[in-house]
Amino acid sequence: MTAPARPADRITPALWLTGGLVFAFIYLPLAVVIVYAFHDSPIIAWPLRLGTLHWFADLARDRGMLEAALASLKLALLAVVLALILGVPGAFLLDRYQFPGKTAFRRLVLLPLILPGIITGVSLLTFFSFIGLGLSSGFPLVPGWPVVLGHAAALTSVVITQVFARLQRLDRAQEEASQDLYANEWQTFRYITFPSIRTAVLGAGLLVFTLSLDEIAVTFFLIGRQNTLPLQIWGLLRRGITPEVNAAATVIFALSVAVIVVWARLVRDER
Amino acid sequence: MTPILDLRDLTKRFGDFAAVDHLSLGVAAGEFLTLLGASGSGKTTTLRMVAGFEPPTAGQILMGGVDIAALPPFKRDINTVFQHYALFPHMSVRDNVAYGLRMRRVPAAEREERVGRALTMVKLDGLAGRSPRQLSGGQQQRVALARALVNRPRVLLLDEPLGALDLKLRKAMQLELKQLQAELGITFVYVTHDQEEALTMSDRIVLMRAGRIAQMGTPRELYDRPASRYVADFIGDTNLLAGTVVEQSGEAAALRVGDAVLRGAAGGSLAPGDQAWLTVRPEAIRLADSAGPHPGENALAGTVADAVYAGAALRVHVALADGRRVVANVPSGTTAANGRAVTLAWPVELGRVVGE
Amino acid sequence: MSLPAAPTLLDRIRARPRIRTAVAAALPVGFVTALLFVPYVLLLVHSFWRLRGGVITHEWTLDNYRRLFGTSLYPDTILFSAGVALRVTLCSLLLAYPLAYLLAFKVRRHKQLMYMAVIIPLWVSYLVRAYAWKIILGQSGILNGLLQSAGLVDQPLTFLLYSRWAVILALTHIYTPFTLMPIYAVLEAIPPALKEASADLYASRWQTFRRIVLPLSIPGVLAGCTFAFVLSMGDFLAPQLLGGNDSALMVSNLVWSLFGVAYNWPLGAAVSVVVLLLTVFLLWLANRVETAMNYGGEVAGAPDRRAVSVGGRGV
């Protein structure tokens, strides 16, 4: 007697098809933008005529864009530094200490990640306005205090959550062993703890960098005279679409992918 | 002789709960002292307070006359071997072992030499360049040991270091540790819940219960002369027969157990009418033959319920008239068929009457 | 270096837990208070102040809230935003779950790589992703061009862009990977032994899914949906780029204009406060639901929701 045949598996192929379609859905718009960055016509329409780098050349000559990109870069670097300085101690605080109001602190820290960026933006605006800190106050050649502090406020949470997650997985006994072997708190941090969280810190820094470059809501309200890159593109968009924007978008996409791939490598190494 | 480590009234509270309750204990230089106890007895908390990872709520930890309780761990001349080794995964074995020396700024040449000797001492030569991840559990344990000993601390603390090893390896390591300690002469304070381990290795055992000392003494003292039912039960196998004290005079006591009155050594001060237990080890009991019990022996009648072959001995479970069970360890050749009526006999002085 | 024998004053100070906590907390708590707590409170305070002749006077008033709840524009917009968010969440869930399932259970090789590929768009400029839909849906956009050259339509479709559908479509596109992440994490954490045990006990594949996998994936679903909802409700970029002038006004656009062109900070603050409270309430609700459905995370090893959704971003 032969064994009964297994029922035809119709679910798995359907699943693959669905998954594939969703995947395509996620990528298609991006693909469109990138493809049209090479489209040989000022009108973004069908049919497609590939093969020009005209828009990239335009982009390279666009002073407004380049200055905005530089400003974005400076802002992002400052935001990363501040977010790390504030965030790493914050993560340690949450992981290792008990104090009254800890729950409130933790919730407050998570708020900027969840609230619409606009709300964080306008509350910071009212704050700086109230204390009289002008939007351009700060050092020359560097974005003003309000926008830098604003990015720090919005993005430190990212550092805290990432580093906290890593701290939770650390073996506390190693730090005790280090102190047992005559290393004081700072030496223990330097030789034992930090090597274990280094990739999480770097990863968080990269994340903050990327998020800061793309930040619009908080930036819009707190920026002084100089535009950041997303705001510059935003401005262009409001005046209508130029293919130059496609070129800019492509460049941004390439950079983001590079950063995220590096970040993934860093985070993966810790498994 | 002044103890090398003197704990005075050491207390650790977590809220209302006292993990360690007014513990006073002196550790002699060069001795192998074991803190023995069930989990929650306070033995690990005590160790951590001595190491410096837990601040005491009250009391003193004196070393060389100075109270080190306020000192951070890195300023104490004490090293610890951790339960799960706590090796630094991003450093080689050599760097792990050299860590303490590095922190104390020992010059490189001397470091090299001492690390080499430490690794030889724990029989790990040739593995200096490996990463801890590449080592077996037993090897990691030795690295942890070397890492601590290379610093020549005045006191070495060991927190159940053999717990994660399999049985055979554990027994081998017990011997090695004991030998090492004897050779080096360093004071070891060892924490374990395994009473057999404690009996094998220690010069002195401190049996802890609920944050306090239940009994402190040499292994022989704790085994032969337990001070309470708890100690008798914890250490080794024993029979415990509950009863009421009939009388106590000097070193001897009598206990009414069911219908019989059994005599034994007096373990503690007991008054007639008190609830107490007679504790007698299975190996002290024999199955009396037709000649019956000898003078100077207690006797109990019962029936054989079970006889379990255990290689070197036969463990005979005897049911008494009132249903209670007594276990006797007899030579394996003895015949003890189930259901056979037997008389259990043991010398009076091998049983003790103890309170809780 | 020999060891000092007696404790120094510094040692004694260091040993006191309160002082250690205070030192550790100083910087983070100080920053959070100054740059997060105070501004949010200040926003709340502003919502009770008055705008008189273009100047914000510090008079206390409930007028802003009266106006907020009285004028139909504001509650309507909030409800509309919630409606959009709900649709976006549902669509994202429907799209994300199968892909997450596929990745977690059916992909054997290069699983990490595939997962990264799905996640990467999350971090590519949000602006770019929203803008892409403008190109696709516009009158002279790609979709229309394709339809026309395929002969399916004669005239370009005008309803595609500048409508609520465009907004929902774009937001779904943006937030699907977002919803996928926690679902994938939870599915991944289900021990294969559970599915095997279910099959061993005569359950069909559908039953195994319905009774074992699906319930265990709920915490991830909840996390993903909550954040997708909250973030898409508060979105302002998609409506502004793709929504047209009035047809898809969402609550964040209102706040934007009240703090910008329409210059009425106190009113804008009031709207913001309402949104803030709504968000907090939704999170609390999701938290309660999750606790009520708690299976004792140890079984599936479902990771902490916050750690799981950390990779997600706020706009």
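Worth saying up front: this structure is predicted, and the values here are computed from it rather than measured.

1. A look at the overall build of chain A
What chain A contains, in helices and strands, is 11 helices and 0 strands. Secondary structure elements of chain A occur, N-terminal to C-terminal, as α-α-α-α-α-α-α-α-α-α-α. Rg of the C-alpha trace for chain A: 24 Å, well past the compact-globule value of 18 Å for 271 residues, more than 25% over. For chain A, the C-alpha atoms occupy an extent of roughly 85 × 70 × 30 Å along the three principal directions. Split into buried and exposed, the 271 residues of chain A put 55% on the buried side. Taking contacts inside chain A between residues at least 6 apart in sequence as the whole, the part at least 24 apart equals 70%. Counting only carbon and sulfur atoms, one obtains 66% of the accessible surface of chain A, whose full area is about 12300 Å². Within chain A, one finds 21 positive and 16 negative side-chain charges whose respective centroids are separated by 4 Å.

2. Considering the sheet that holds strand 14 (residues 275–280) of chain B
Residues and elements named next belong to chain B. In spatial order, the strands read 11-12-13-20-14; together these 5 strands close into a barrel with mixed pairing. In this sheet, adjacent strand axes meet at a mean angle of 55 degrees when their direction is disregarded. The pairing of strand 13 (residues 260–267) with strand 20 (residues 352–354) spans 3 bridges and is classified as parallel. Bridge assignment links Ala-265 to a residue of strand 20, and that residue is Arg-352.

3. Brief notes about the nonpolar core
Counting 172 residues, the largest nonpolar core has A:Ile233, C:Leu171, C:Leu180, C:Leu187 and C:Leu241 as its most contacted members. Ranked by residues supplied to this core, first place goes to helix 4 (residues 73–106) of chain C with 14 residues. Of all hydrophobic cores here, the second largest spans 38 residues; its members include B:Val20, B:Ala69, B:Phe82 and B:Leu157.

4. Topic: the pairing of strand 4 (residues 58–63) of chain B
Successive residues of a regular strand alternate their side chains across the two faces of the sheet. Residues and elements named next belong to chain B. Relative to strand 4, strand 1 (residues 5–14) runs antiparallel, the two being bridged by 5 bridges. The partner of Asp-6 across the bridge, within strand 4, is Leu-62. As judged from the 2 bridges shared by strand 4 and strand 5 (residues 66–67), these two strands associate in the antiparallel manner. Bridge assignment links Leu-62 to a residue of strand 5, and that residue is Asp-67. Taking the residues that link successive antiparallel strands as the turn, the strand 4-strand 5 hairpin has 2 residues, and the phi of Gly-64 there is positive, at about 60 degrees.

5. Digging into the interface of chain B and chain C
Counting from both sides, the interface comprises 11 residues of chain B and, opposite them, 11 residues of chain C. Of the roughly 1000 Å² buried where chain B meets chain C, counting both sides, 63% is carbon and sulfur surface. A per-residue breakdown of the area chain B buries against chain C is headed by B:Ala70, B:Lys75 and B:Arg104, which together make up 50% of the total. Counting every contact that joins chain B to chain C gives 0 salt bridges. Run the count over chain B and chain C and you get 0 residue pairs in polar contact (both at pLDDT 80 or more). Of the residues belonging to the side of chain B that touches chain C, the class tally is 6 nonpolar, no polar and 5 charged.

6. Focus on the packing of helix 6 (residues 126–137) of chain C against helix 7 (residues 142–149) of chain C
Residues and elements named next belong to chain C. Orientation of helix 6 relative to helix 7, taken along the N-to-C sense of each, is 25 degrees, at an axis distance of 4 Å. As summarised for this structure, helix 6 and helix 7 are arranged roughly parallel, according to the angle between their axes. On helix 7, the residues that touch Ile-135, Ile-136 and Leu-137 of helix 6 are Ile-142, Leu-143 and Asn-144. Broken down by class, the residue content of the contact of helix 6 with helix 7 amounts to 5 nonpolar, 1 polar and no charged.

7. Let's talk about the sheet that holds strand 8 (residues 187–192) of chain B
Consider a sheet: its strands pair through backbone hydrogen bonds, and that pairing is either parallel or antiparallel. Residues and elements named next belong to chain B. Strand order across the open sheet formed by 6 strands is 6-7-8-3-9-10, with mixed pairing between neighbours. Bordering the open sheet on either side are strand 6 (78–81) and strand 10 (212–217), each of which pairs with just one other strand. Put simply, the sheet's adjacent strands are angled 20 degrees from each other on average, direction ignored. Examined bridge by bridge, strand 3 (residues 32–37) and strand 9 (residues 204–209) share 5 bridges and lie parallel to one another. Looking at the pairing, Thr-34 lines up with Ile-205 of strand 9. Strands strand 3, strand 6, strand 7 (155–159), strand 8 and strand 9 of the sheet are contacted by helix 1 (residues 43–51), whose axis makes an angle of about 145 degrees with strand 7.

8. Some details on the interface of chain A and chain C
Listed per partner, the contact involves 88 residues of chain A and 85 residues of chain C. Here chain A packs against chain C, burying approximately 8000 Å² in sum over the two surfaces, 81% of which is carbon and sulfur. Inspection of the region where chain A meets chain C yields 1 salt bridge. Residue A:Glu185 pairs with C:Arg20 through a salt bridge whose shortest N-O separation is 3.6 Å. Where chain A packs against chain C, one counts 7 residue pairs in polar contact (both at pLDDT 80 or more).

9. Quick notes on the packing of aromatic side chains
Counted according to the given criterion, the structure contains 33 aromatic pairs over all chains. An angle of 40 degrees between the planes, with centres 5.5 Å apart, marks the rings of B:Phe32 and B:Tyr190 as tilted. Of this pair, B:Phe32 sits in strand 3 while B:Tyr190 sits in strand 8; the two residues are 158 residues apart in sequence, bridging distant segments of the chain. The buried category is assigned to B:Tyr190, whose relative accessible area is 1%. Members of the aromatic cluster, joined through ring pairs, are A:Phe220, A:Phe221, A:Trp234, C:Phe236, C:Trp256, C:Phe259, C:Tyr263 and C:Trp265. Lying across the ring of B:Tyr230, B:Arg209 places its NZ or CZ 4.1 Å from the centre.

Rules and cut-offs
Residues numbered from 1 in each chain as written. Chains lettered and ligands numbered in written order. Predicted model: local features only at pLDDT ≥ 70, side-chain atom pairs only at ≥ 80, totals over all residues. Heavy atoms only, no water. Helix = DSSP H or I, 4+ residues; strand = E, 2+ residues; numbered from the N terminus. Rg over C-alpha atoms; globule rule 2.2 N^0.38 Å. Buried < 20%, exposed > 50% of the residue type's maximum accessible area, 1.4 Å probe, protein only. Contact = heavy atoms within 4.5 Å. Areas by Shrake-Rupley, 256 points an atom, 1.4 Å probe, with all protein chains shown as cover. Lys, Arg positive; Asp, Glu negative; His and termini not counted. Charge placed at Lys NZ, Arg CZ, Asp CG, Glu CD. Pairing = 2+ DSSP bridges. Axes fitted to C-alpha atoms, helices over the stretch in contact; angles between N-to-C directions. Core = buried A, V, L, I, M, F, W, Y, C linked by side-chain atoms within 4.5 Å. Buried area = accessible area lost by both parts, 1.4 Å probe. Salt bridge = Lys/Arg side-chain N within 4 Å of Asp/Glu carboxyl O. Polar contact = N/O pair within 3.5 Å; in protein donor to acceptor, adjacent residues only side chain to side chain. Nonpolar A, V, L, I, M, F, W, Y, C, P; charged D, E, K, R; others polar. Parallel < 35°, antiparallel > 145°, perpendicular 65-115°, else oblique. Phe/Tyr/Trp six-rings, centres within 6.5 Å; stacked < 30°, edge-to-face > 60°. Lys NZ or Arg CZ within 6 Å of the ring centre and 35° of its normal.

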